[in-house]
Structure formats: C-alpha cells, structure tokens
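Results of the structural survey
Listed here are the chains, written in short residue letters.
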Amino acid sequence: LNEDSKLELGSTAKLRTMVSYLEAIADLHGRFKDMDAEERRATVVHSDDRLTRFVIDHLQAPQTDKSLNGTLEAALNRTYSASPHERFFTGGGVHTFSNFENTENGRSFTVKEALHKSNNLAFIRIMRDVVSYTLYQKMGVDPNIYTDTQSEARRDYLERFADKEGTTFLFRAWQQQRGKTLAETADILAGQLRTKGPLQLAVVHRSLYPDATLDDMSGFIRKHCQTCAPGADFTRYYNDHAPGKFDLNDRAYLTRLHPLALWLASHRAQNPETTWSEAVAASADTRQEVYQWLFKSNSTQGQNNRIRTMLENEAFTHIHAEWKSKGFPFERMT
C-alpha cells in the first residue's frame, strides 16, 4: 500500500462495527442487570434506541439467560433486514445502499449471519443502532430534542449547525475571492448572478462600493447587464439600494447569491489585509444572522434534519475514539 493512502475496507469496517455493537450490549447489560423489574420498566427509552430496548426486554423476559454471555449470545441472534429499498438519513442527507450479492436483497440475517456473509444492508442498520445507542446512552441526548421547540439544547445545536455550515460557505467564498482585487471580486459576484439585470447588479455594486457615485455604478451595470437598454437610467436603483436600505439577507434574496459571499466581499473591501482566521472571527454574529430562517418555529422538520446531522457527527466522534483505542489507524473517519 502507498504510505499516504487511506483505505477503509468494507469487511474490516464490519468487524469494527461488530465490536462496537457487542460493547454496547455489554455496557447496557452492566447498567440494567442489577435493577429490579420495576426500575427497568420505568426507564424511558427513545424509540430509535433499539439496543437499550432489546437489553431491557431480554432482562425482563421470564425464561432467558440473563448472564452477560447469555445476553451477548441473544444479541448475536437478533435479526436485521438486508433490503436495499430504504432511504437512510446520514452524513447530512438521504442515501441508499446496495448489497454486494443481489440474491441477499430480500432476506433477513441474524447478526452472526450478517458478519459471516459480510452483508452490507444488515450492517448499515446495525451501525444505525450503534449510533442511536451512542446518542442516547453515551452522549445523554435529551429524547425530546426533536419535539420540544423551546429546548435550550435544541437551540444550541441549531446555533452550532449555523456556525459550522456558515463557516463552510464562508470558506467557499474565501477560496473564490482570496488574492483578488475588489474590482475582480465584484466581477466574480456579477458572474455568479442567475439574472444579470440592473437590480441585481446594483445590489452587488452598492454592497461592495457604498460610497461610489451613480456613474460608477452605472458603468458596472452596463459592463455586465444582459437586459439593459443602451440609454437606461439607473438612478432609481442607485437610490433604492443605498447602504442601509436592505439588510444582508434581503440583498442575498434579491441577488440569489449566498449572503456570506456578499458579506465577505464587503468585509474585504473595508479590510483588504484581512486573514481567513480574522474573517471567521468577524463573521461569527453574521453566520447566526443569515440562518435566522432556520430558527423560525415553522421550520421544525428542517431544524430536526440539521440537529440530526450535528448529533450524528458527534456520535461518530465518540465511536471513532473507541475504534482508535483498538488500533484504528486513521485520525478521522471518511
């Protein structure tokens, strides 16, 4: 293998997943084995936390081997579907997966069989259960985080998502604008406009050159405009879009540009020597501002998807640390 290559083979990933699965069962057995039946019945378990529900039910059942070995053996005999016909929300989006052998598509496997067959879809579902266990048992996530819109934890995760994704979009804009003069940056933004009309171009120019004259703006518009008559008068656009008339989100809406691309161009116009780290620090409040739509109560489903993304990232950070302790050689997972 090349020294710097990074290969994560599916079969060895399944082995690591199996270790995490059995460790989760052992941890839950240790936690619940000495509880009396009433205490276990009173334990609130999130509907996604299937491993905790399994261990509690196993320990509550009248004729099961409740020892650690007996519980682990029962866990190995749990079954998982190998169907590829399910959409999984993971990695920030919806994904589907396939089996190596199409003949396995309509089957279900015990965990033992899934490892023996190296079945992909069963292990996708096993990994999902390990992630849910990590969220609700290792990280102590409030089970009501998706339904309690007043939850402080919910707000915190949304703010962290806005900060994280905002920084990603800011970096994309930084890559496009770094090393460019203000005039070159204005041309870049003009080139990114879906509609190169006088309104959109006026917003770009007034954002980057708040003190420019009407003639300056008119020249910029004529340079890029695809719908302007030769003798058009742009006075109205100059006045209507003067500094302070529209906030950043409104200007982004009018231009269909990302607000952080507009913000960065304006920030660099005022601070031409700014560094990336300085731009990130200066944009902290702005990154929250441009995601205000996300914090509205009527965006509950959109909020939940973003909270799931942040929680899953954190869960895999926990899982990665456990894998590292057992010899996983990479500093991060793909």
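Residues numbered from 1 in each chain as written. Predicted model: local features only at pLDDT ≥ 70, side-chain atom pairs only at ≥ 80, totals over all residues. Heavy atoms only, no water.

1. A closer look at the overall build of the protein chain
- Counting secondary structure elements, the protein chain contains 16 helices and four strands.
- Against the globule reference of 20 Å for 334 residues, the protein chain gives a C-alpha radius of gyration of 27 Å, more extended than a compact globule.
- Taking the principal axes of the C-alpha coordinates as reference, the protein chain spans close to 90 × 50 × 40 Å.
- Of all 334 residues assigned to the protein chain, the portion counted as buried reaches 41%.
- Residue pairs in contact within the protein chain that sit at least 24 positions apart in sequence constitute 65% of those at least 6 positions apart.
- As presented, the protein chain carries roughly 18,200 Å² of accessible surface, and 50% of it is formed by carbon and sulfur atoms.
- The average position of the 42 basic charges and that of the 43 acidic charges among the side chains of the protein chain differ by 5 Å. (Helix = DSSP H or I, 4+ residues; strand = E, 2+ residues; numbered from the N terminus. Rg over C-alpha atoms; globule rule 2.2 N^0.38 Å. Buried < 20%, exposed > 50% of the residue type's maximum accessible area, 1.4 Å probe, protein only. Contact = heavy atoms within 4.5 Å. Areas by Shrake-Rupley, 256 points an atom, 1.4 Å probe, with all protein chains shown as cover. Lys, Arg positive; Asp, Glu negative; His and termini not counted. Charge placed at Lys NZ, Arg CZ, Asp CG, Glu CD.)

2. Focus on the side chain of Ser207
- Secondary-structure assignment places Ser207 in helix H9 (residues 198-208).
- Once residues lying within four places of it in the same chain are set aside, the contact partners of Ser207 are Arg251, Leu262 and Ser266.

3. Quick look at helix H16 (residues 300-325)
- Along its 26 residues, H16 runs 38 Å from first to last C-alpha, staying within 8% of the 38 Å computed at 1.5 Å per residue.
- Those residues of H16 not exposed but buried are Gln303, Asn304, Ile307, Thr309, Met310, Leu311, Glu312, Ala315, Ile319, His320 and Trp323.
- The first or second residue beyond H16 is Gly327, which carries a positive phi of 105°. (Expected span 1.5 Å × (residues − 1).)

4. Things to note about the environment of Phe169
- One can find Phe169 in helix H7 (residues 152-177).
- When the C-alpha positions of Phe169 and His258 are compared, they lie 7.9 Å apart, and in sequence the two are 89 residues distant.

5. Quick word on the packing of aromatic side chains
- For the structure on display, the rule yields seven aromatic pairs.
- With 5.2 Å between their ring centres and 70° between their planes, Phe171 and Trp276 make a pair best called edge-to-face. Of this pair, Phe171 sits in helix H7 while Trp276 sits in helix H14 (residues 276-282), placing them 105 residues apart in sequence.
- With a relative accessible area of 25%, Trp276 lands in the partly exposed category.
- Taking 6.0 Å as the distance between ring centres and 35° as the angle between the ring planes, the aromatic pair formed by Tyr291 and Trp293 counts as tilted.
- You can call Trp293 partly exposed: its relative accessible area is 39%.
- An aromatic cluster of at least three residues, connected via ring pairs, comprises Phe161, Tyr291 and Trp293.
- The residue whose ring lies beneath Arg236 is Tyr237, and the NZ or CZ to ring-centre distance is 4.6 Å. (Phe/Tyr/Trp six-rings, centres within 6.5 Å; stacked < 30°, edge-to-face > 60°. Lys NZ or Arg CZ within 6 Å of the ring centre and 35° of its normal.)

6. Looking at the state of the cysteines
- If you walk through the whole model with that rule in mind, you get one disulfide.
- Cys225 shares a disulfide with Cys228; S-S distance 1.9 Å. Every disulfide takes its handedness from the sign of the S-S torsion; for Cys225 and Cys228 that torsion is 80°, giving right-handed.
- Residue Cys225 is classed as buried on the basis of its relative accessible area of 15%.
- On the basis of relative accessible area, Cys228 is assigned to the partly exposed category, the value being 25%. (Disulfide = S-S within 2.5 Å.)

7. Topic: the pattern of salt bridges
- Summed over the entire model, instances satisfying the criterion amount to 17 salt bridges.
- Taking the shortest distance from any N to any O, the salt bridge between Lys326 and Glu23 comes out at 3.0 Å. Placement of the pair is Lys326 in the segment after H16 and Glu23 in helix H1 (residues 10-32), with a sequence separation of 303 residues.
- Where Arg287 meets Asp163, a salt bridge forms, and the shortest distance between an N and an O atom there is 2.5 Å. Note that Arg287 is positioned in helix H15 (residues 284-289) and Asp163 in helix H7, a separation of 124 residues in sequence.
- Looking at Arg287, the relative accessible area reads 4%, which means it is buried.
- Taken together, the shared-partner salt bridges connect Arg50, Arg78 and Asp129 into one network. (Salt bridge = Lys/Arg side-chain N within 4 Å of Asp/Glu carboxyl O.)

8. Focus: the layout of surface pockets
- Taken as a whole, the largest pocket holds about 1,300 Å³ of empty space.
- Along the walls of the largest pocket sit 41 residues, with Thr90, Met127, Val131, Glu312 and Phe316 positioned nearest its centre.
- Secondary structure elements with two or more residues in the lining of the largest pocket: H1, strand E2 (88-90), helix H6 (120-138) and H16.
- Estimates place the volume of the second largest pocket at around 250 Å³.
- Gly92, Phe161, Lys164, Glu165 and Thr309 are the residues nearest the centre of the second largest pocket, which is lined by 14 residues in total.
- Put simply, the parts of the chain that give the lining of the second largest pocket at least two residues each are H7 and H16.
- In the lining of the second largest pocket, the residues fall into four nonpolar, six polar and four charged. (1 Å grid on protein atoms, 1.4 Å probe; cavity = no way out; pocket = protein on both sides within 12 Å on 5 of 7 lines; lining within 4 Å. Points joined across faces, edges and corners; volume = space filled by probe spheres on them. Nonpolar A, V, L, I, M, F, W, Y, C, P; charged D, E, K, R; others polar.)

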